[in-house]
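Geometric and topological summary
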Amino acid sequence: FKLSKKALLLVTAFGAFYSANTIAATEVKISFNQSDKHPQYQALQEFGEAFSKATDGRYKVNIFPNELLGDQRASLELVQNGAIQMAVVANPLVENYDKTFTVLGIPYVYANTAHQEKVFTSGILDELFASTKKLGFEVLTAYTAGARSLYVKGAPVKTKAELQGKKIRVLQSDTMIKMLSCMGGTGVPMNQGEVYTAIQQGVLDGAENNEITYVDLKQYEVAPYFIRTEHLRIADLLVVSDMFLSMLTPEDQATLRKLAKESTVKEFKLWNAQIKKAEDMAKEKGATFVDLDTTEFQQSCKPLQEELVTTPAQKALYEKIIALK
Ligand code: GCU
């Protein structure tokens, strides 16, 4: 049985086409600590698809939600040593390596979400975000996580005095512990995955977070009083391994950076669209939202604001943020 020359050519061409299209794409793993319903997950998914498309399928982005690859602290280490390519980590975790980041998470530094969006998209953070290269990673962009408020079990706490003796979970950084003591309570640093059980078992009286996370992780079940202190708007940072970056061509790197920045704009939109829904859902499940005049907490956080902005780099960044108010 002999193939005609034409058929042979066709078979060869098909073979070449087939193998070119089956060369395994390089996997890009992103570690994420919340669910696939979260606005950041959705923004990342779009970002991943766009990057894969822009690189003709040479890269395939897979997002691992719910701390599947580890909590934020562990994920940042995996990114640093190149075991995974990217992760979303809250600003206080990066601040542990470089104190200039502290300025991005000072209590009451942003007027509102719109002010924060200006800060994240104006380019004033580019230099800071590139500066972590020496630590084995870079920050590609920042996402909003709204305003954080206190939530507790038992009964609502509305004043500094009422917060006294209350153990409130905070993110793992000194600043967050100091912040809670300025507000009158006791900050207990802990990774997110343990918070629900710790409140349930009485190790904690409550925690502090935004409405979407409160609902996403069903924490209203154990801490049904949500008090609108709105004391923080911390950035969530999309970090990328320097090892992975250095494997990319300059063009692919540029694409990755550009698409990551675009995903921030998308994430703010998704966030704003979902915040009300989250609150309604929590109420439906029995949570009580308590409005509050935040003057007392703002006043008690003032000395901390001053304590946190000391180096020339911190002062310069602080001025730039305030100027965008
Ligand atoms: C927010 C934030 C997360 C963070 C979490 C926490 O949800 O978006 O990045 O991990 O709070 O308090 O742990």
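These figures come from a predicted structure and were not determined experimentally.

1. Structural notes on the overall build of the protein chain
Each helix and strand counted, the protein chain has 14 helices and 11 strands in total. Projecting the C-alpha coordinates of the protein chain onto the three principal axes gives extents of approximately 90 × 45 × 30 Å. Out of the 325 residues in the protein chain, the part that is buried amounts to 51%. When the accessible surface of the protein chain is summed, it comes to about 14900 Å², and 55% of that surface belongs to carbon and sulfur atoms. In the protein chain, 37 side chains carry a positive charge and 38 a negative one; their mean positions are 5 Å apart.

2. A look at the domain arrangement of the protein chain
Structurally, the protein chain comprises domain 1 (25-145 + 234-276) and domain 2 (148-233 + 278-323). The centre of domain 1, based on its C-alpha atoms, is set 23 Å off from the matching centre of domain 2. Contacts between the two partners involve 41 residues from domain 1 and, on the opposite side, 38 residues from domain 2. Note on domain 1 versus domain 2: buried area summed over both sides is about 3400 Å², and carbon and sulfur give 60% of it.

3. Quick look at the pattern of salt bridges
Counting across every chain of the model gives 16 salt bridges. Residue K276 pairs with D280 through a salt bridge whose shortest N-O separation is 3.1 Å. Taken together, the residues span about one helical turn, with K276 and D280 both in helix α12 (residues 250-284) at a distance of 4 residues. By relative accessible area, K276 is classed as exposed at 53%.

4. Remarks on the sheet that holds strand β4 (residues 137-143)
Taken together, the 5 strands give an open sheet; going across it, the order is β2-β1-β3-β10-β4, and neighbouring strands pair in mixed fashion. Lying at the two open borders of the sheet, with one neighbouring strand each, are β2 (59-64) and β4. Sheet twist, expressed as the average angle between the axes of neighbouring strands with direction ignored, equals 25 degrees. As paired elements, strand β1 (residues 26-31) and β2 share 6 bridges and run parallel to each other.

5. Re the site of the ligand
Near the ligand lie 13 residues; those nearest to it are N33, Q72, R169, T213 and D236. A distance of 2.9 Å separates an oxygen atom of the ligand from a polar atom in the side chain of R148. Between the ligand and the protein, one listed contact pairs an oxygen atom with a side-chain N or O atom of T213 at 2.6 Å. In the complex, the protein chains occlude 99% of the 310 Å² of accessible area that the ligand would expose alone. Split into classes, the residues belonging to the shell around the ligand amount to 3 nonpolar, 7 polar and 3 charged. The residues that make up the shell around the ligand include at least three from each of domain 1 (25-145 + 234-276) and domain 2 (148-233 + 278-323).

6. Regarding the sheet that holds strand β6 (residues 167-170)
On the basis of which strands lie adjacent, the open sheet formed by 6 strands has the order β7-β6-β8-β5-β9-β11 and mixed pairing. At either margin of the open sheet sits one strand with a lone partner, and together these are β7 (186-189) and β11 (288-290). Each strand of the sheet is rotated relative to its neighbour by a mean of 35 degrees, with strand direction disregarded. Direction of pairing for strand β5 (residues 148-152) relative to strand β8 (residues 206-209): antiparallel, over a ladder of 4 bridges. In the strand pairing of β8, V152 is matched with G206.

7. Some words on the packing of helix α8 (residues 174-182) against helix α13 (residues 295-308)
Across the interface, α8 lies against α13 with an axial gap of 8 Å and an inter-helix angle of 150 degrees. Classed by the angle they form, the pair α8 and α13 counts as roughly antiparallel. Regarding α8 and α13, the two cross each other, and that crossing is right-handed. The segment α8 lies against α13, with T175, K178, M179 and C182 engaging S300, C301, L304, E307 and L308.

8. Observations regarding the packing of helix α2 (residues 39-54) against α12
Relative to each other, α2 and α12 sit at 150 degrees, their axes nearing to 8 Å. Taken together, α2 and α12 sit at an angle that is classed as roughly antiparallel. By crossing handedness, the relation of α2 to α12 is classed as right-handed. Here P39, Q40, Q42, A43, E46, F47, A50, F51 and A54 of α2 come into contact with α12, specifically with D252, T255, L256, L259, A260, S263, K266, E267, L270, W271 and Q274. Among the residues making up the contact of α2 with α12, the classes are represented as 11 nonpolar, 5 polar and 4 charged.

9. Observations regarding helix α5 (residues 113-121)
Those residues of α5 that fall on the buried side of the exposure criterion are T113, H115, Q116, V119 and F120. In a view along the axis of α5, the buried residues occupy a sector of 155 degrees, so they form one face of it. If you follow the buried residues of α5, they end up packed against β4, α12 and α14 (312-323). At the N-terminal boundary of α5, the capping side chain belongs to N112, with an oxygen 3.3 Å from the backbone nitrogen of A114. Backbone geometry just downstream of α5 places G123 in the positive-phi region, at approximately 90 degrees.

Conventions we followed
- Residues numbered from 1 in each chain as written.
- Predicted model: local features only at pLDDT ≥ 70, side-chain atom pairs only at ≥ 80, totals over all residues.
- Heavy atoms only, no water.
- Helix = DSSP H or I, 4+ residues; strand = E, 2+ residues; numbered from the N terminus.
- Buried < 20%, exposed > 50% of the residue type's maximum accessible area, 1.4 Å probe, protein only.
- Areas by Shrake-Rupley, 256 points an atom, 1.4 Å probe, with all protein chains shown as cover.
- Lys, Arg positive; Asp, Glu negative; His and termini not counted.
- Charge placed at Lys NZ, Arg CZ, Asp CG, Glu CD.
- Domains from an automatic or database assignment.
- Contact = heavy atoms within 4.5 Å.
- Buried area = accessible area lost by both parts, 1.4 Å probe.
- Salt bridge = Lys/Arg side-chain N within 4 Å of Asp/Glu carboxyl O.
- Pairing = 2+ DSSP bridges.
- Axes fitted to C-alpha atoms, helices over the stretch in contact; angles between N-to-C directions.
- Near = heavy atom within 4 Å.
- Polar contact = N/O pair within 3.5 Å; in protein donor to acceptor, adjacent residues only side chain to side chain.
- Nonpolar A, V, L, I, M, F, W, Y, C, P; charged D, E, K, R; others polar.
- Parallel < 35°, antiparallel > 145°, perpendicular 65-115°, else oblique.
- Left-handed = near helix turned anticlockwise from the far one by under 90°.
- Arc of directions from axis to C-beta.

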